[in-house]
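Fold and geometry: a report
One-letter residues, chain by chain:
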Protein chains: 2
Amino acid sequence: MLSKKTRYAIKALVILGKNFGEAPMQIQKIASEEHIPKKFLEQILLDLRNAGLLYSKKGAGGGYGLVKDPAEIFVVQVLRLTGGPIALLPCVSLNFYQRCEECSNEATCGVRDVFLEVRNATLKILSETSIADVIRREGHLLDNLKV
Amino acid sequence: MLSKKTRYAIKALVILGKNFGEAPMQIQKIASEEHIPKKFLEQILLDLRNAGLLYSKKGAGGGYGLVKDPAEIFVVQVLRLTGGPIALLPCVSLNFYQRCEECSNEATCGVRDVFLEVRNATLKILSETSIADVIRREGHLLDNLKV
DNA sequence: ATAATGTATATAGATTTAGTAGACTTTATT
DNA sequence: AATAAAGTCTACTAAATCTATATACATTAT
C-alpha cells in the first residue's frame, strides 16, 4: 500500500499540473482543495522541490509550480521520490533492493520470480503514466459519467 | 511491500507443496529449512490451518500438510489470508476497501483510475499463479542456471 | 509415563507513519 | 521602513503496525 505521503504527493502534482503555466499556487490552496493537512503537505512539497520537480516562490503571491510539463512527469518518479515501494518484495526492487534474509538462493527462488513478474507489470504502467495522463483520465471518467 | 508474515506464509506453503502426499512436516523443519523464526511461523501456520489451507497433526510424528493439491492453492489467497495488501490504494482494494478520506470524488479520481489498472494487472498474475506454479518456476530457474 | 509435537494468548520491542509545533527567511505591498 | 503573506527547516510526538518472543496448555505416539 502506498503511504499517504506518496498519495498526497501525486495528488498535489496533479492539481499543480492543471495549474501549469499559471501563477504559482499556494500550499494552503492545494491543502484545502485536496483535503490534505497543510503542515504535512509543506514537507512533501519541499521534498518534491528539492528533487527538482517543483519550483517555489516565497513571499506574498508566492507558491509552488511544476518545473516541467505534466506530460514529462511520470507517476513512477513520484513513488520513488517519496519512498513508496513499487516492488512487493525487497529482493525484486530496482531502487530499494535488499536481500530477503531468510532466502537461501535468490537466483532460484520461485516466489521471487512471481513477484518479479508483478513488479514488471506494475512498473510498466507507472512508468508509462504521466501526470498529464492522470489528468486526462479524470476527463474521461467525467465524460463517462455524463453519458 | 508484503509483510514478512505473508512472505513466510508463501514460502511455507511452497515447501509443504513439495512435500504434498508425504507425511506431515514439522514446524521446526520448515523453520530451519526456510530460516524463519519458529515461534513466528507457528502463528502463521495456525492461521493458514484455521483458514482451511492446512491440516495439522499433534504429538510425535505430527506436523502440517496441505489440505489440497498445490495446483489448487493460489498466491492471491495467501496474500488475502495474511492481510497482505494487493491494491496500492485502499480505494481500489476489493477485499479491504476503504475510502480515501481526502478524496472529493472517487468516481472521477484519475489517480484511483491508474491504481485500479495496476491492481488489475497484479491481481491477474497472483490469481493465476498457484503454489504448484511457484514450484515449477523454481525448477525452470534451476534448469536455466545449469545451461 | 514421557517426549514430541501443535494450540492459544499475551506481551514487548522496534520501526514506521502521520501529523504537529515553532522559529526562521524571503518577498510584495503599502 | 513596516507589515503581512508566503515558503523553509528541524525537531518532536502520538499512534499504529510489525516482528518476534514467552508461557502455559493440549494431544498423541511410543
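The rules behind these values
Residues numbered from 1 in each chain as written. Chains lettered and ligands numbered in written order. Predicted model: local features only at pLDDT ≥ 70, side-chain atom pairs only at ≥ 80, totals over all residues. Heavy atoms only, no water. Helix = DSSP H or I, 4+ residues; strand = E, 2+ residues; numbered from the N terminus. Buried < 20%, exposed > 50% of the residue type's maximum accessible area, 1.4 Å probe, protein only. Areas by Shrake-Rupley, 256 points an atom, 1.4 Å probe, with all protein chains shown as cover. Contact = heavy atoms within 4.5 Å. Buried area = accessible area lost by both parts, 1.4 Å probe. Salt bridge = Lys/Arg side-chain N within 4 Å of Asp/Glu carboxyl O. Polar contact = N/O pair within 3.5 Å; in protein donor to acceptor, adjacent residues only side chain to side chain. Nonpolar A, V, L, I, M, F, W, Y, C, P; charged D, E, K, R; others polar. Least-squares fit on C-alpha atoms with pLDDT ≥ 70 in both. Near = heavy atom within 4 Å. Pairing = 2+ DSSP bridges. Domains from an automatic or database assignment.

Turning our attention to the overall build of chain A. Each helix and strand counted, chain A has six helices and two strands in total. Secondary structure elements of chain A, listed N to C terminal, follow the sequence α-α-α-β-β-α-α-α. C-alpha atoms of chain A, sized along the principal axes, occupy 60 × 40 × 25 Å. Counting all 147 residues of chain A, 50% fall into the buried class. Of the roughly 7,100 Å² of accessible surface on chain A, a fraction of 52% belongs to carbon and sulfur atoms.

Looking now at the interface of chain A and chain B. In this assembly, 44 residues from chain A lie in contact with 44 residues from chain B. Interface area for chain A against chain B, summed over the two sides, is near 4,200 Å², with a carbon-plus-sulfur share of 67%. Scanning the region where chain A abuts chain B turns up ten salt bridges. For Glu 102 of chain B, the salt bridge identified is with Lys 11 of chain A, shortest N-O distance 3.1 Å. Joining chain A to chain B, the criterion identifies 14 residue pairs in polar contact (both at pLDDT 80 or more). Secondary structure elements with two or more residues in the side of chain A that touches chain B: helix H1 (4-18), helix H2 (27-34), helix H4 (75-81), helix H5 (110-128) and helix H6 (131-146) of chain A. If you tally residues by element for the side of chain A that touches chain B, the top one is H5 of chain A, at eleven residues. When grouped by side-chain class, the residues that make up the side of chain A that touches chain B number 27 nonpolar, six polar and eleven charged.

Superposition record for chain A on chain B: RMSD 0.0 Å, screw rotation 180°, translation along axis 0.0 Å. The superposition of one copy onto the other is thereby described by a two-fold rotation axis. Residue by residue, 100% of the interface of chain A is reproduced at the interface of chain B, so both copies engage with the same surface.

Another point: the protein's contact with DNA strand D. Among the 29 residues in the neighbourhood of DNA strand D, the closest are listed as Ser 56, Gly 63 and Tyr 64 of chain A together with Lys 39 and Gln 43 of chain B. Within 4 Å of the protein, the atoms of DNA strand D are drawn from sugar and phosphate moieties in a proportion of 71%. Side-chain polar atom of Lys 39 of chain B to a base oxygen of DNA strand D: 2.4 Å apart, as the coordinates give it. Of all the elements, helix H3 (residues 38-50) of chain A adds the most residues to the surface near DNA strand D, at five residues. Partitioning the surface near DNA strand D into residue classes produces nine nonpolar, ten polar and ten charged.

Successive residues of a regular strand alternate their side chains across the two faces of the sheet. All names here are of chain A. As paired elements, strand S1 (residues 54-57) and strand S2 (residues 63-66) share four bridges and run antiparallel to each other. Residue pairing across strands places Ser 56 opposite Tyr 64, the latter belonging to S2. What sits between the antiparallel neighbours S1 and S2 is a turn of five residues, in which Gly 59 has the positive phi angle 75°.

In this section: the domain arrangement of chain A. Assigned domains within chain A: domain 1 (4-66) and domain 2 (85-129). Relative placement of domain 1 of chain A and domain 2 of chain A: their C-alpha centres are 31 Å apart.

Pairs may arise between side chains of opposite charge once their charged atoms sit close together. Counting across every chain of the model gives 24 salt bridges over all chains. Of the charged contacts in the structure, one is a salt bridge between Glu 128 of chain A and Lys 124 of chain A, with a shortest N-O distance of 2.7 Å. Here Lys 124 of chain A and Glu 128 of chain A lie together in helix H5, a separation of four residues that amounts to about one turn. Where salt bridges share partners, they join Arg 7 and Lys 11 of chain A together with Glu 102 of chain B into one cluster.

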